[in-house]
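# Close look at the chain arrangement
Okay, here's what each chain looks like letter by letter:
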Amino acid sequence: MKFNISHELNVPAEALWKHHFNPELEAVVQKEIRLQEYRVEASKQGDTTVRRVRVIPTVDMPGPLRKIMGDTIGYWEEQRVSASALRYDFKVTPDKMPDKIDVHGTFSIEPLGPDRCRRTMAGEATVKIFGVGGLAEKFLVGELERQYGDVARVQEQWIRTHEK
């Protein structure tokens, strides 16, 4: 299932990019969207930074998915960040059934003027589990939309407070 999640923020694109990976902002986001775990490991590979982000979100899964996946969904997200672009590619590897669940895409920031920007996460979520694959894809994309909407709100408020 393809997805394209965009939010317009009343902050400059450069400010959003500058703070997007700020550990202080990430800690606020972690608390606001109720992540059980959020940990970052980063390494440099030439002009690219590879960030491995460990995430365990708080989610309320539908019953059929909970029977298969358990009560929590943990995953690693690998982000390949170029120093020269307002974007990065990502790939999610879940703790459970990584051979049957594939989520990948691109996160980007587009200037819309001096004090506005659009942040977009676009990609694809594919779940190959007989009987619940479609339900799982809809659930994953719905959770991405919900969480990234909350993240956009928190980022905008935090940046507007800290950029003065």
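Everything discussed here concerns the structure shown above.
A brief structural summary. What you are looking at is a predicted structure, and each value in this text was computed from that prediction instead of being measured.

### Some thoughts on the pattern of salt bridges
Once their charged atoms are close, side chains differing in charge can pair, the charge on each being opposite to the other. Summed over all chains, the structure comprises 17 salt bridges. For Arg146, the salt bridge identified is with Asp150, shortest N-O distance 3.9 Å. Taken together, the positions of Arg146 and Asp150, both in helix 4 (residues 133–162) and four residues apart, correspond to about one turn of that helix. Accessibility expressed as a relative area gives 36% for Arg146, which makes it partly exposed. Take Asp150: its relative accessible area is 24%, and that puts it in the partly exposed class. It is possible to trace a salt-bridge network through shared partners that takes in Glu37, Arg39, Glu41, Arg52, Arg54 and Asp95.

### Things to note about helix 1 (residues 13–20)
Each full turn of the α-helix corresponds to 3.6 residues, which orients residues three or four apart in the same direction. Most of helix 1 is tucked away: six of the eight residues are buried. Listing the buried residues of helix 1 in full gives Ala13, Ala15, Leu16, Trp17, His19 and His20.

### Side note on the sheet that holds strand 7 (residues 116–127)
Spatially, 1-7-6-5-4-3-2 is the arrangement adopted by the seven strands of the open sheet, whose pairing is antiparallel. What marks the edges here is a single partner per strand, and that holds for strand 1 (2–9) and strand 2 (37–45). Mean inter-strand twist for the sheet, computed between neighbouring axes without regard to direction, equals 20°. The pairing of strand 3 (residues 48–56) with strand 4 (residues 75–82) spans eight bridges and is classified as antiparallel. Opposite Val53, over in strand 4, you have Glu77 as the bridge partner. Sitting on the sheet, helix 4 touches strand 1, strand 4, strand 6 (101–113) and strand 7, and the angle it makes with strand 7 is about 160°.

### Structural notes on the environment of Ser82
Mapped onto the fold, Ser82 is located in strand 4. What makes Ser82 partly exposed here is its relative accessible area of 24%. Beyond its immediate sequence surroundings of up to four residues, Ser82 is in contact with Trp17, Asp47 and Arg87.

### Thoughts on the packing of aromatic side chains
Taken as a whole and judged by the stated rule, the model has three aromatic pairs. Their ring planes at 50° and their centres at 5.7 Å tell us that Phe21 and Tyr88 sit as a pair that is tilted. Of this pair, Phe21 sits in the loop between helix 1 and helix 2 (23–32) while Tyr88 sits in strand 5 (residues 87–94), and the two are 67 residues apart along the sequence. Both residues of the pair, Phe21 and Tyr88, belong to the buried class. The interplanar angle of 20° and the centroid separation of 5.1 Å between the aromatic rings of Tyr88 and Phe107 together place this pair among those described as stacked. Pair noted here: Tyr88 is in strand 5 and Phe107 is in strand 6, with a separation of 19 residues, a long-range link.

### Quick look at the pairing of strand 4
Examined bridge by bridge, strand 4 and strand 5 share seven bridges and lie antiparallel to one another. Its bridge partner lying in strand 5, Arg80 is registered against Asp89. In this structure, the hairpin formed by strand 4 and strand 5 is closed by a connection of four residues.

The rules behind these values
- Residues numbered from 1 in each chain as written.
- Predicted model: local features only at pLDDT ≥ 70, side-chain atom pairs only at ≥ 80, totals over all residues.
- Heavy atoms only, no water.
- Salt bridge = Lys/Arg side-chain N within 4 Å of Asp/Glu carboxyl O.
- Helix = DSSP H or I, 4+ residues; strand = E, 2+ residues; numbered from the N terminus.
- Buried < 20%, exposed > 50% of the residue type's maximum accessible area, 1.4 Å probe, protein only.
- Pairing = 2+ DSSP bridges.
- Axes fitted to C-alpha atoms, helices over the stretch in contact; angles between N-to-C directions.
- Contact = heavy atoms within 4.5 Å.
- Phe/Tyr/Trp six-rings, centres within 6.5 Å; stacked < 30°, edge-to-face > 60°.

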